[in-house]
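Structural overview
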Amino acid sequence: GENVEQHPSTLSVQEGDSAVIKCTYSDSASNYFPWYKQELGKRPQLIIDIRSNVGEKKDQRIAVTLNKTAKHFSLHITETQPEDSAVYFCAASIRTSGTYKYIFGTGTRLKVLA
Amino acid sequence: DTAVSQTPKYLVTQMGNDKSIKCEQNLGHDTMYWYKQDSKKFLKIMFSYNNKELIINETVPNRFSPKSPDKAHLNLHINSLELGDSAVYFCASSQDTGTGWSRWPLHFGNGTRLTVT
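Now for a description of the structure that goes with this document. Note that the structure is predicted; figures quoted are calculated from it, not measured.

1. Some points on the overall build of chain A
Counting its regular elements, chain A contains zero helices and eleven strands. Along chain A, helices (α) and strands (β) appear in the sequence β-β-β-β-β-β-β-β-β-β-β when read from the amino end. Its C-alpha atoms give chain A a radius of gyration of 14 Å, near enough to 13 Å, the size a compact globule of 114 residues would have. Residues counted as buried form 47% of the 114 residues belonging to chain A.

2. Digging into the interface of chain B and chain A
Every contact between the two is made by 26 residues of chain B and, on the other side, 27 residues of chain A. Together chain B and chain A conceal approximately 2400 Å² of surface at their shared face, both sides included; 55% is due to carbon and sulfur atoms. The tally of links from chain B across to chain A stands at one salt bridge. Note that Glu 58 of chain B is salt-bridged to Lys 101 of chain A, the shortest N-O span being 2.7 Å. At the junction of chain B and chain A, the tally comes to seven residue pairs in polar contact (both at pLDDT 80 or more).

3. Quick word on the pairing of strand 2 (residues 10-14) of chain A
Residue and element names in this part refer to chain A. What you see with strand 2 is a clean split: Leu 11 and Val 13 sit on the buried side and Thr 10, Ser 12 and Gln 14 on the side with no burial. Sheet analysis places strand 2 next to strand 11 (residues 108-113), joined by five bridges and oriented parallel. Counted as the bridge partner of Gln 14 is Leu 113 from strand 11.

4. Quick notes on the state of the cysteines
Among covalent bonds in proteins, the disulfide is the one between the sulfur atoms of two cysteines. Residue and element names in this part refer to chain A. Applying the stated criterion across every chain, the model contains two disulfides over all chains. Residue pairing for Cys 23: its cysteine sulfur links by disulfide to Cys 90, the two sulfurs lying 1.9 Å apart. Measuring handedness by torsion sign, the sulfur bridge of Cys 23 and Cys 90 sits at about -100° and is left-handed. Note that Cys 23 is positioned in strand 3 (residues 19-25) and Cys 90 in strand 9 (residues 86-96), a separation of 67 residues in sequence. For the pair formed by Cys 23 and Cys 90, the shared burial category is buried.

5. A short note on the sheet that holds strand 1 (residues 4-7) of chain A
Residue and element names in this part refer to chain A. Taking strand neighbours across the sheet as the criterion, the five strands line up as 1-3-8-7-6 in an open arrangement whose pairing is antiparallel. Looking at which strands have only one partner, the edges of the open sheet turn out to be strand 1 and strand 6 (56-59). Strand-to-strand twist of the sheet, defined as the mean angle between neighbouring strand axes without regard to direction, takes the value 15°. Note that strand 1 and strand 3 share four bridges and pair antiparallel. In the strand pairing of strand 3, Glu 5 is matched with Thr 24.

Reading the values: the criteria
- Residues numbered from 1 in each chain as written.
- Chains lettered and ligands numbered in written order.
- Predicted model: local features only at pLDDT ≥ 70, side-chain atom pairs only at ≥ 80, totals over all residues.
- Heavy atoms only, no water.
- Helix = DSSP H or I, 4+ residues; strand = E, 2+ residues; numbered from the N terminus.
- Rg over C-alpha atoms; globule rule 2.2 N^0.38 Å.
- Buried < 20%, exposed > 50% of the residue type's maximum accessible area, 1.4 Å probe, protein only.
- Contact = heavy atoms within 4.5 Å.
- Buried area = accessible area lost by both parts, 1.4 Å probe.
- Salt bridge = Lys/Arg side-chain N within 4 Å of Asp/Glu carboxyl O.
- Polar contact = N/O pair within 3.5 Å; in protein donor to acceptor, adjacent residues only side chain to side chain.
- Pairing = 2+ DSSP bridges.
- Disulfide = S-S within 2.5 Å.
- Axes fitted to C-alpha atoms, helices over the stretch in contact; angles between N-to-C directions.

Here's what the structure looks like:
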């Protein structure tokens, strides 16, 4: 089936702490997993992505890990700052009818408390 | 120099009306999409076009009709608007590898907030 589960739906952390968001996908053929950040009233913007031939990718305070066997991937934000507060979406590319589409998780609202 | 631009930003209309949303991308991408984001923030794909050809058509009422005059433009026309159509509609584009197997990110427009009263 076409499904991407995302947890938690809301997450509050103190400034400086780490935040972890987890996603699980159902299509074992999925090979691309982007993460998007959406600030209030704005468009989703790509913050990091990972392809299936890699287990981990890091970009400054943000990292993503992928476990293909378990079909789950996670976003890790370290040293959180108030400007990290937003809704975060994971996504997975799903093969369908000779083409592909992106299925999004249900989003995680992250609040970083100063 | 907006990469994916859509108009209008806000659209307020009454039930039963017909309205259109326009989208243009200047990234040279081959594939364009329409996504709907409801009040719970769920992002759901509606349509996808590759080089003007419809390639994905999710279970969307046929009151919604996309049109792609060229690969840089994808418009969405909605007939007989209903209250449940109220949402934010995002246009997006992505590069296409030509293999049909995606490893490229989506670039979203700023969204059109549609309110049906």
